[in-house]
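Chain residues, written in single-letter form:
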Amino acid sequence: MSVSNDLSIPYRVDHGRKFRLKDFDPADIRGVKSKKEAEKELLHGMEQLVSLQDKLYAQDRWAILLIFQAMDAAGKDGAIKHVMSGVNPQGCQVYSFKQPSAEELNHDFLWRSTKCIPEHGKIGIFNRSYYEEVLIVRVHKELLARERIPPSLVTKNIWNERFADINAYEHYLSRNGVVIRKFFLNLSKEEQKKRFLSRLEEPRKNWKFSTADIAERERWNEYMVAYEEMIQHTATPHAPWYVVPADRKWYTRLVVSAATIHALKN
């Protein structure tokens, strides 16, 4: 196995209508024999990324936007850190989207992310994104009320309308030279439990633990439905989703690296 072969292909979804989350195994490690082998390939991938980033910057025509979505403890931060650790920070922009501010709530739901779209020649990374608007806002419908949308516009079709808005937005970006790759880190409920327990039991990980994570875990099934429908409605050839196995962090990072390298090469 080599990152030079696109390891991400089995996990790419670019026509989502037939997508079913149950068809993707969170523990899959196809083609990789061990963590040691994966770490070796990841180092090779970092070398390729450095070279490709230099070309991206020199061309100054294209931009790359990498979007990460996942349940708590799936490893988004670690994937970003390890995959992008060798790139020039001047050519990479990372944004983490937390709870919206009062100013952000006074605008449309795409406003705060639009300000953060990467410039030509740069790699942009969204740790969570506008997709929270069809995930956490869908599961916690009380959050929708805070967005001050006219009541007549909040109908039973609002989620499909948001999917349509997102698709149009991503199509617009792709037509302007922004290459979009979206990663759903597919963590199993059992592995999440193990990671939560390690946060409690290991002092060096205590800072990662939040009681809010436990509350969200109780709504696991609702989130899985939201994720599945999100991918079904927003996976397109110009902005595909990668449903990346996340039960083995070292494999997750390798798949993300492969998908990023091939996006840059293309």
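Computed from a prediction, not measured in an experiment: that's the story for all the values here.

Peer 1: I tried to follow the pattern of salt bridges on my own but got confused; where do I start?
Peer 2: Opposite charge on two side chains makes pairing possible when the charged atoms of those side chains draw close. As enumerated under the stated definition, the model contains 14 salt bridges in all. With a closest N to O distance of 2.8 Å, R30 and D28 form a salt bridge. D28 gets classed as buried once you look at its relative accessible area, which sits at 15%. For R138, the salt bridge is made with E229, and the minimal N-O distance between the two is 2.9 Å. Residue R138 is found in helix 5 (residues 136–139), and its partner E229 is found in helix 10 (residues 220–234); the two are separated by 91 residues along the sequence. Its relative accessible area of 25% is what places E229 among the partly exposed residues. Connected via shared salt-bridge partners are D72, R128 and E132.

Peer 1: Would you mind showing me how to read the packing of helix 2 (residues 76–83) against helix 11 (residues 249–265) here?
Peer 2: Geometrically, a packed helix pair is captured by the angle between its two axes and the distance between the axes. At a minimum axis separation of 9 Å, helix 2 and helix 11 run at an interaxial angle of 55°. If you check the angle between helix 2 and helix 11, you find them oblique. Helix 2 and helix 11 meet at a crossing whose hand is right-handed. Between helix 2 and helix 11, the residues in contact are G78, A79, H82 and V83 and R253, V256 and S257, respectively. Considered class by class, the residues forming the contact of helix 2 with helix 11 number three nonpolar, three polar and one charged.

What counts and how
- Residues numbered from 1 in each chain as written.
- Predicted model: local features only at pLDDT ≥ 70, side-chain atom pairs only at ≥ 80, totals over all residues.
- Heavy atoms only, no water.
- Salt bridge = Lys/Arg side-chain N within 4 Å of Asp/Glu carboxyl O.
- Buried < 20%, exposed > 50% of the residue type's maximum accessible area, 1.4 Å probe, protein only.
- Helix = DSSP H or I, 4+ residues; strand = E, 2+ residues; numbered from the N terminus.
- Axes fitted to C-alpha atoms, helices over the stretch in contact; angles between N-to-C directions.
- Parallel < 35°, antiparallel > 145°, perpendicular 65-115°, else oblique.
- Left-handed = near helix turned anticlockwise from the far one by under 90°.
- Contact = heavy atoms within 4.5 Å.
- Nonpolar A, V, L, I, M, F, W, Y, C, P; charged D, E, K, R; others polar.

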